[in-house]
Amino acid sequence: FPPSAEFAAAANADASLYQRAAQDREAFWAEQAARLHWHHPFHQVLDWSQPPIAKWFVGGTLNIAYNCLDRHVLDGHGDQIAIHFEGEPGDTRAITYRQLLTETSQAANYLTELGLQPGDRVAIYMPMIPEAVIAMLACARLGLTHSVVFAGFSPTALRQRIDDAGARLVITTDGQWRRGKPHPLKTAVDEALHHTPHTVEHVLVVRRTGTDIPWTPHRDLWWHDTITHAPTHHQPQPFDAEHPLFILYTSGTTGKPKGILHTTGGYLTQTAYTHHTVFDHKPDHDIYWCTADIGWITGHSYIVYGPLANRTTQILYEGTPNHPDEHRHWQIIEKYGVTIYYTAPTLIRTFMKWGKHIPAAHNLTSIRLLGSVGEPINPEAWRWYHENIGANKTPIVDTWWQTETGAIMISPLPGITTTKPGAAMTPLPGISAQIVDEQGNPTPPTNTDTTGYLVLDQPWPAMLRGIWNDPQRYQDTYWHQYREHGWYFAGDGAKLDTDGDLWILGRIDDVMNISGHRISTAEVESALVGHHGVAEAAVVAAHDTTTGQAIVAFVILTTDTPNTGDTLTNELKTQVATHISPIARPREIHIVPELPKTRSGKIMRRLLRDIAEGRQPGDTSTLLDPTILTTIHTNKT
Ligand code: PRX
């Protein structure tokens, strides 16, 4: 799908970007950094003298909130709408840049009054409402490091994240709207803080659903009693380019989530640059909508920081795509004239299931660019998206990146790249990637599904600066595999086709991708063995037509636990959902007498995956007891 001449003529990106970036990477990134307002200019673009510790824009200072708010107001754009908020129950708010600045200033003033100091950590556990964005910006304005925890996470998961970060404050809401009903949220915070000791001094609560909630005097504070009355002017202070901006927890190969640390100057540079070029964003014309939740990196980089730095007018939608019915997204697009729409393959596949007559009932002609993120997009879903949402002409950007990369790394550039359904195509200008084998040799181009490993062989501005509280794990997870080369190991399988275009083939470690959400097999296994009836558990990801992958668990019961069939497996599914989050609820749980193990006792997940996907198990020669598989198979069916 080549770009149309019309799109190419007006595109933000031009083909010379690739050339310029290749000629002088650092000069290229310095040019991108100039998109921001620096309080004090940097004197060095990159310090990579102690890899893998990167320092970008050395000596530079800036304030992120100033870049996202004040400067737009000072430039005369105070009346531009920053956020069109659509609440799930149908309430709406249009918030201008001036209002967003005022409310962020009030929040910053009150957080200062609470005694919070730069570098302190603040946990944010909120639904998709404007105050969530304001809370993040207020933290950034004060140099507080936020840790947003997805509001679907359980009290246990929240507690784990609050403890690891050592948060002094939690910002939350009384509840959130889900399919027309209020769901409590503050009670989850209470439960997370029920155990002692913890570092949290205050819980700041936004009233959203109006439900009665338990209250701990002195510790708990209402947003409307405090922030709403705080002074409306706040003078922002500049922070070092490497000042910690946020921690965001993501799943790794062990049960313990990793606190991915991002800093200030490089992160904002790359999110703003990619939002400008990949989404071809024009601040005076576009209405942009990224459907992610602020609890994930996509929400951080492409709802909050990148778009606001670029003076975007955007949609913030609180609810699910099928409330009150499956027309909701298309109605919102029609109502606001959305021009850029960025979503995940799992949702596109859900739309496909609901039927094309649903989007066809709406005028979607405002859309001029579509994006995809979170998992490989299957060509069928790509074509459906192109035809039914993009009127057979809208460019699609399939953007590959990770919580760790902070911003988009591999993607077509609209107006330049001729796209192929399912391919992420090429690293962006300024980014360098390779596909290599285990030894680090480049894998030959292929049109088969032969997998190589994706590595990033040069540092990039928005790269993670470490894992919170765990420098060794940072080294081991990302830099150990190709330590002789000094390359970042992404954990994804990939290939180059014979045209030299890049295809991402999915995770090659024990991280599963369920509806675009990362969940490790170890996390689910430990939630399962946390149940008194489970002696051992093995979890694999099986292909799923909607969610991309789905969780399939095989469990061995303790000897005194009767197998009550569905009653027990449903109980186990609930155990996982409440321990981690409903996203992690297994699709299937099979109770088996044994698990396939090698002579050294290692569970052979590959064989379990074969069984879960209904294939004949592959090579079983290393199994301690090959008859086990027949038994498991019989138990499963
Ligand atoms: O496996 C890749 C997949 O999502 C992983 C990163 O997950 P997370 O940190 O939660 O960030 C998701 C949003 C950026 C990657 O290692 N992934 C992400 N985007 C794509 C993708 N796989 C294929 N194609 C993509 N466009």
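Model, not experiment: these values are computed from the prediction. (Residues numbered from 1 in each chain as written. Predicted model: local features only at pLDDT ≥ 70, side-chain atom pairs only at ≥ 80, totals over all residues. Heavy atoms only, no water.)

Student: Got a sec to walk through the overall build of the protein? Specific residues and values, please.
Tutor: If you tally the helices and strands in the protein, you get 20 helices and 30 strands. Against the globule reference of 26 Å for 637 residues, the protein gives a C-alpha radius of gyration of 24 Å, in line with a compact fold. Summarising its shape, the C-alpha atoms of the protein cover approximately 75 × 65 × 55 Å along the three principal directions. Taking all 637 residues of the protein together, the buried fraction comes to 61%. If you take every contact in the protein between residues at least 6 apart in sequence, the share linking residues at least 24 apart comes to 70%. Per element, the accessible surface of the protein, about 24100 Å² overall, is 52% carbon and sulfur. Of the side-chain charges in the protein, 49 are positive and 66 negative, and the distance between the mean point of each set is 1 Å. (Helix = DSSP H or I, 4+ residues; strand = E, 2+ residues; numbered from the N terminus. Rg over C-alpha atoms; globule rule 2.2 N^0.38 Å. Buried < 20%, exposed > 50% of the residue type's maximum accessible area, 1.4 Å probe, protein only. Contact = heavy atoms within 4.5 Å. Areas by Shrake-Rupley, 256 points an atom, 1.4 Å probe, with all protein chains shown as cover. Lys, Arg positive; Asp, Glu negative; His and termini not counted. Charge placed at Lys NZ, Arg CZ, Asp CG, Glu CD.)

Student: Go over the site of the ligand, please, and point to the residues and values.
Tutor: Around the ligand there are 17 residues in total, and Asp 398, Thr 399, Thr 403, Asp 492 and Arg 518 lie nearest to it. Interatomic distance of 2.8 Å between a side-chain N/O atom of Asp 398 and a nitrogen atom of the ligand. One nitrogen or oxygen atom from the side chain of Asp 492 is found 2.5 Å from an oxygen atom belonging to the ligand. Here the shell around the ligand is composed, by residue class, of 6 nonpolar, 6 polar and 5 charged. (Near = heavy atom within 4 Å. Polar contact = N/O pair within 3.5 Å; in protein donor to acceptor, adjacent residues only side chain to side chain. Nonpolar A, V, L, I, M, F, W, Y, C, P; charged D, E, K, R; others polar.)

Student: Now, about the layout of surface pockets: what can you tell me, with residues and values included?
Tutor: Roughly 420 Å³ of internal volume is contained in the second largest pocket. Taken together, 27 residues make up the lining of the second largest pocket; nearest its centre are Ser 4, Phe 7, Lys 393, Thr 394 and Pro 395. Listing elements by their share of the lining of the second largest pocket, those giving two or more residues are helix H1 (5–10), helix H15 (379–388) and strand E20 (396–399). Sort the elements by how many residues they give to the lining of the second largest pocket and H1 lands first, with 3 residues. When the residues that make up the lining of the second largest pocket are grouped by side-chain class, the tally is 14 nonpolar, 8 polar and 5 charged. (1 Å grid on protein atoms, 1.4 Å probe; cavity = no way out; pocket = protein on both sides within 12 Å on 5 of 7 lines; lining within 4 Å. Points joined across faces, edges and corners; volume = space filled by probe spheres on them.)

Student: If you had to explain empty space enclosed by the protein to someone new, which residues and values would you point to?
Tutor: A complete count under the given rule lists 1 cavity of 30 Å³ or more for this structure. If you add up the space inside the largest cavity, you get close to 60 Å³. Contributions of two or more residues to the lining of the largest cavity are made by helix H6 (130–142) and strand E14 (244–250). Across the lining of the largest cavity, the residue classes break down as 8 nonpolar, 4 polar and no charged.

Student: Any chance you could break down the packing of aromatic side chains for me, citing the residues and the numbers?
Tutor: Taken as a whole and assessed by the stated rule, the structure comprises 35 aromatic pairs. Residues Trp 48 and Trp 479 carry aromatic rings whose centres are separated by 5.9 Å and whose planes lie at 55° to one another, so their mutual orientation is tilted. Taken together, the positions of Trp 48 in strand E1 (residues 44–50) and Trp 479 in helix H16 (residues 471–479) put the pair 431 residues apart, joining distant regions of the chain. Trp 479 sits in the buried class, given a relative accessible area of 8%. The interplanar angle of 85° and the centroid separation of 5.1 Å between the aromatic rings of Tyr 302 and Trp 401 together place this pair among those described as edge-to-face. Here Tyr 302 is found in helix H11 (residues 297–309), whereas its partner Trp 401 is found in the loop between E20 and strand E21 (433–436), with 99 residues between them in sequence. One aromatic cluster is present, formed by Phe 28, Trp 29, Trp 38, Phe 42, Trp 56, Phe 57 and Tyr 273 through successive ring pairs. A cation over an aromatic ring shows up here: Arg 161 above the ring of Phe 153, its NZ or CZ 4.3 Å from the ring centre. (Phe/Tyr/Trp six-rings, centres within 6.5 Å; stacked < 30°, edge-to-face > 60°. Lys NZ or Arg CZ within 6 Å of the ring centre and 35° of its normal.)

Student: Could you give an account of the pattern of salt bridges, naming the residues involved and the relevant values?
Tutor: Within the structure shown, the criterion is met by 35 salt bridges. With its nearest N and O atoms 3.0 Å apart, the salt bridge here joins Asp 190 to Lys 186. A residue pair is termed a helical-turn pair when its members lie 3 or 4 positions apart in one helix, as Asp 190 and Lys 186 do in helix H8 (residues 186–194) at 4 residues. Residue classification places Asp 190 among the buried positions, given a relative accessible area of 17%. Residues Arg 311 and Asp 284 are paired through a salt bridge, measuring 2.9 Å at the closest nitrogen-oxygen approach. Here the residue Arg 311 occupies a position in the loop between H11 and strand E17 (313–317), and Asp 284 occupies one in the loop between helix H10 (265–278) and strand E16 (287–290), the gap between them amounting to 27 residues. Residue Arg 311 is classed as buried on the basis of its relative accessible area of 10%. (Salt bridge = Lys/Arg side-chain N within 4 Å of Asp/Glu carboxyl O.)

Student: So what's going on with helix H3 (residues 25–33)? Which residues, and what values?
Tutor: Those residues of H3 not exposed but buried are Arg 25, Phe 28, Trp 29, Gln 32 and Ala 33. Looking straight down H3, one finds that the buried residues subtend no more than 140° of arc, so they occupy a single side. Elements in contact with the buried residues of H3: helix H2 (16–23), E1, strand E2 (53–58) and H10. (Arc of directions from axis to C-beta.)

Student: Tell me about H8, and please be specific about residues and values.
Tutor: Among the residues of H8, those classed as buried are Lys 186, Ala 188, Val 189, Asp 190, Ala 192 and Leu 193. Packed against the buried residues of H8 are strand E6 (121–125), helix H7 (155–165), strand E8 (169–173), strand E10 (181–184), strand E11 (202–206) and strand E12 (220–222).

Student: Tell me about unusual backbone geometry, and name the residues and values.
Tutor: Cis geometry marks the peptide bond from Pro 51 to Pro 52, where omega comes out at 5°. Relative to the assigned elements, Pro 52 resides in the loop between E1 and E2. Along the chain, His 323 connects to Pro 324 via a cis peptide bond; the corresponding omega equals 0°. Summarising the element assignment, Pro 324 is placed in the loop between E17 and helix H12 (328–336). Located in the positive-phi region is Arg 311, a residue other than glycine, with phi close to 55°.

Student: Got a sec to walk through the pairing of E16? Specific residues and values, please.
Tutor: Neither face of E16 is open: one carries Ile 287 and Trp 289, the other Tyr 288 and Cys 290, and all of them are buried. With 2 bridges connecting them, E16 and E17 associate as parallel partners. Looking at the pairing, Tyr 288 lines up with Gln 314 of E17. Taken together, E16, H11 and E17 form a β-α-β motif whose crossover is right-handed. Relative to strand E18 (residues 340–343), E16 is paired through 3 bridges, and the arrangement is parallel. Paired with Tyr 288 across the two strands is Ile 340, which belongs to E18. (Pairing = 2+ DSSP bridges. Right-handed = clockwise from strand over helix to strand, strands pointing away.)

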